[in-house]
Amino acid sequence: MAILYIVGTPIGNLEDVTLRALRILKEVDVILCEDTRVTQKLLAKYEIAGKQLATYNEQDSGVTAGKIIGWLAEGKNVAMVSDAGTPGISDPGTLLVQKVREALPDVKIESVPGPSALTTALSIAGVPAHEFVFLGFLPHKKGRETLFKEIAESERTMIFYESPHRILKALESLAKFAPTKKVTIARELTKIHEQIISGTAEELLTYFETNSDKVRGEFVVIVS
Ligand code: SAM
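Residues numbered from 1 in each chain as written. Predicted model: local features only at pLDDT ≥ 70, side-chain atom pairs only at ≥ 80, totals over all residues. Heavy atoms only, no water.

On to the site of the ligand. The immediate surroundings of the ligand are formed by 19 residues, with I89, D91, A117, Y161 and F219 found nearest. In the model, a nitrogen atom of the ligand is placed 2.9 Å from a nitrogen or oxygen of the I11 main chain. Between the ligand and E218 there is a distance of 3.3 Å, counted from a nitrogen atom to a side-chain nitrogen or oxygen. One can see that the ligand is located within the largest pocket. Within the residue set of the shell around the ligand, elements represented by two or more residues are β7 (157-162) and β10 (219-223). Here the residues of the shell around the ligand sort into 10 nonpolar, four polar and five charged. (Near = heavy atom within 4 Å. Polar contact = N/O pair within 3.5 Å; in protein donor to acceptor, adjacent residues only side chain to side chain. 1 Å grid on protein atoms, 1.4 Å probe; cavity = no way out; pocket = protein on both sides within 12 Å on 5 of 7 lines; lining within 4 Å. Sits in = over half its atoms within 2 Å of the grid points. Helix = DSSP H or I, 4+ residues; strand = E, 2+ residues; numbered from the N terminus. Nonpolar A, V, L, I, M, F, W, Y, C, P; charged D, E, K, R; others polar.)

Shown next, in the form of C-alpha cells:
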C-alpha cells in the first residue's frame, strides 16, 4: 500500500532538513510542491535529481487531490512539501490529508517532522510557551478588531504570522488594543538577517518606523 508523506522543510537555512526528509524525498515517486522552483533549490543542494515534481496548492492551479488519490491508489509513494516549514501550518496540506483519509482509508499518511516558524520563534523568544494560542495569519478586515481585543485580554501567549506589508498596521492595532503587553517580533528566522526584538507595540512601532530597512522579510509576532 502506498504512503503519503507530509514532509517538513527549512524555513530559511537549507541545512535545517532532517536525514529522514532527504531520504524520503529521494525515494518517493512524486513530490508535491507549493512552488516547484522553491523545492528545486532544496533538492539541488542535496543532489536529488530526476524526481517527478507536481504543483499542489489546494487552489485551482496544479494537480488536483483527485489526481493525487489516483497516484496513491496505483501504489505510488507521494511526498508533500510546502515552500517552507511544516505543511498544513498556514500552508497547503490539511485538505489533502483529509481527502486522502476519506478516499483511501488504508493508505498510510506519515509525518516527517521538520521546522516551523511558529516553534522556532517560540524557542528563542523567552516568553511563557507552556501554553499558547496560534492565530495563523490574521484576517485583513472582518474579525480583525475582535481578534486584537482577544489578544489584549488573553492570559496566554498569542502568536501570529505577518507579512512585511502589514507588520506596521498590526503594531498600530496592538498599540491601540494591547498597549502594555510585551510584543516580540522574530524576523527572518534562520537566515542571515535573523532578528528578534521585544518591547511594547509602541516601542516596536517607533523602531520599525525609524529603521524602515528592517520592514522586510518574514515575521512572527508573539504577544505575551
Ligand atoms: N508552514 C510554515 C511554517 O511551518 O512555519 C508557514 C508558512 S506561511 C505561508 C509563511 C509565514 O510564516 C510568513 O509570512 C511568516 O509569518 C512565517 N515565516 C516563515 N518563515 C519564516 C522565517 N524564516 N522567519 C520568520 N517568519 C517566518
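Residues V30 and L32 point to one face of strand β2 (residues 30-33) and I31 and C33 to the other, with burial holding for every one of them. Alignment of β2 against strand β3 (residues 52-55), held across four bridges, turns out to be parallel. Residue pairing for β3: C33 is matched across the bridge by T55. (Buried < 20%, exposed > 50% of the residue type's maximum accessible area, 1.4 Å probe, protein only. Pairing = 2+ DSSP bridges.)

As assigned here, the protein comprises domain 1 (3-112) and domain 2 (117-223). The distance between the C-alpha centroids of domain 1 and domain 2 comes to 29 Å. Domain 1 puts six residues into the contact, and the matching count from domain 2 is 10 residues. Interface area, domain 1 with domain 2, both sides summed: about 560 Å², of which 62% is carbon and sulfur. It is I11, I89 and S90 in domain 1 that bury the most area against domain 2; as a group they hold 76% of the surface buried on that side. Where domain 1 touches domain 2, the interface holds zero salt bridges. Inspection of the region where domain 1 meets domain 2 yields one residue pair in polar contact (both at pLDDT 80 or more). Across the side of domain 1 that touches domain 2, the residue classes tally to two nonpolar, three polar and one charged. (Domains from an automatic or database assignment. Contact = heavy atoms within 4.5 Å. Buried area = accessible area lost by both parts, 1.4 Å probe. Salt bridge = Lys/Arg side-chain N within 4 Å of Asp/Glu carboxyl O.)

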